[in-house]
Amino acid sequence: MIYGMYLSATGIMTNSYRQDVISNNLANSETVGFKRDLARFQERKTALNERGAAGDWSDPVMEHLGGGVLAMPTLVDTEQGDLEPTGNPMDVAIQGNGYFAVDSKTGKHLTRDGRFMLNRDGELILSTEQGQHVLDDKGKPIKIEPGGMIAIGSDGEVTQDGKGVAKIGLFDVADPAKFTKQGSNMLSYPADGKLLPGSGTLRSEFQERANVDPALELAELMDTQRELEANANMLKYQDTMLQRLVNDVGKIS
């Protein structure tokens, strides 16, 4: 009886976690370059299997039930979002694989947000509150002399009045599963992981929408709420049965 309560409790916790992940995806459905998170789970082994104590006694029926469900770290869905025209030559979207590299106070990160601007010092930065510096193909900040017509080519070359002045870096990683989110649409990659050249192309006057399908997320959210409610009801039923077992059946007449 108590074992069943534990299984229902793990169902509540994992579905609550999944609910939080889906809610965050929905909240960022209009965030430029946002990549949705995928909630992942794994079956927990029974206590006997976790200890590896083959000689210990255990109920074979209970062993087949498993040890419930455990939440795993979220996985970043790197699928490309739709490209939306903006008419702004400083807006750049990536068509295909690749990421922009930026430098901020917290270190170097990768992002698909290509809304650029020049600060007062002529440095190319993201048009965000943090204003991260955009890096070139050598991993260095990009600085452009003020004035003149600026254009960004499909290969990342930045021209000013028709003359090449810099090249925006486009990078990729060997294993996207190692991405971790750092907030503000920034992705970090392990320090020992080598950055590879990106194979995508750049499209000026476009921005990439979030790869979040609100209809799909809402359907998954409803499914998660039903599963959470079902586990909560099972926990309540088992608690009631255990209470009757102790207070009624267990009475000595």
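Reading the values: rules and limits
Residues numbered from 1 in each chain as written. Predicted model: local features only at pLDDT ≥ 70, side-chain atom pairs only at ≥ 80, totals over all residues. Heavy atoms only, no water. Helix = DSSP H or I, 4+ residues; strand = E, 2+ residues; numbered from the N terminus. Buried < 20%, exposed > 50% of the residue type's maximum accessible area, 1.4 Å probe, protein only. Contact = heavy atoms within 4.5 Å. Pairing = 2+ DSSP bridges. Axes fitted to C-alpha atoms, helices over the stretch in contact; angles between N-to-C directions. Phe/Tyr/Trp six-rings, centres within 6.5 Å; stacked < 30°, edge-to-face > 60°. Core = buried A, V, L, I, M, F, W, Y, C linked by side-chain atoms within 4.5 Å. Polar contact = N/O pair within 3.5 Å; in protein donor to acceptor, adjacent residues only side chain to side chain.

Draft legend 1. Examining the overall build of the chain more closely. Within the chain, the secondary structure is distributed over four helices and 18 strands. When burial is assessed residue by residue, the chain has 35% of its 253 residues classed as buried. Partitioning the intrachain contacts of the chain with sequence separation of at least 6 by distance along the chain shows that 66% fall at a separation of at least 24.

Draft legend 2. Structural context of the sheet that holds strand 11 (residues 157–160). Taken in spatial order, the three strands of this open sheet run 10-11-12, and their pairing is antiparallel. One side of each edge strand has no neighbouring strand; the edge strands of this open sheet are strand 10 (150–152) and strand 12 (163–167). Averaged over all adjacent pairs, the angle separating strand axes in this sheet is 30°, with direction ignored. In this sheet, strand 11 lies alongside strand 10 in antiparallel orientation, the contact comprising three bridges. The partner of I152 across the bridge, within strand 11, is V158.

Draft legend 3. Focus on the packing of aromatic side chains. Within this structure, the stated rule accounts for four aromatic pairs. Taking 5.9 Å as the distance between ring centres and 90° as the angle between the ring planes, the aromatic pair formed by Y17 and F41 counts as edge-to-face. Of this pair, Y17 sits in helix 1 (residues 2–27) while F41 sits in strand 1 (residues 37–43), placing them 24 residues apart in sequence. Looking at Y17, the relative accessible area reads 21%, which means it is partly exposed. With relative accessibility at 33%, the residue F41 sits in the partly exposed group. Taken together, the ring pairs in this structure connect Y99, F179 and Y189 into an aromatic cluster.

Draft legend 4. Fine view of the nonpolar core. Residues F116 and I168 are the most contacted members of the largest nonpolar core, which totals 19 residues. Elements with a minimum of two residues in this core: strand 4 (92–95), strand 5 (100–104), strand 8 (124–126) and strand 10. In this view, F116 contacts M90, D91, V92, F100, L124, I125, L126, S127, V134, I152 and I168; residues no more than four positions away in its chain are not counted. L135, F171, V173 and L187 belong to the second-largest nonpolar core, a separate cluster that totals 10 residues.

Draft legend 5. Quick peek at unusual backbone geometry. In this structure, N185 takes a positive phi of about 65° despite not being glycine. With respect to the helices and strands, the residue N185 is situated in the loop between strand 14 (180–183) and strand 15 (186–188). Phi at E205 is positive, roughly 65°, even though this residue is not glycine. Checked against the element boundaries, E205 lands in the loop between strand 17 (201–204) and strand 18 (206–208).

Draft legend 6. Layout of the side chain of T224. Here T224 lies in helix 4 (residues 214–249). A distance of 3.2 Å separates a polar atom in the side chain of T224 from a polar atom in the side chain of R18. The residues contacting T224, other than those within four sequence positions of it, are N15, R18, Q19 and I22.

Draft legend 7. Layout of the pairing of strand 5. As paired elements, strand 5 and strand 6 (residues 107–111) share five bridges and run antiparallel to each other. By the bridge assignment for strand 6, A101 is matched with L110. The antiparallel pairing of strand 5 with strand 6 creates a hairpin that spans two residues between the two strands. The pairing of strand 5 with strand 9 (residues 133–134) spans two bridges and is classified as antiparallel.

Shape is all these values report; function is a separate question.
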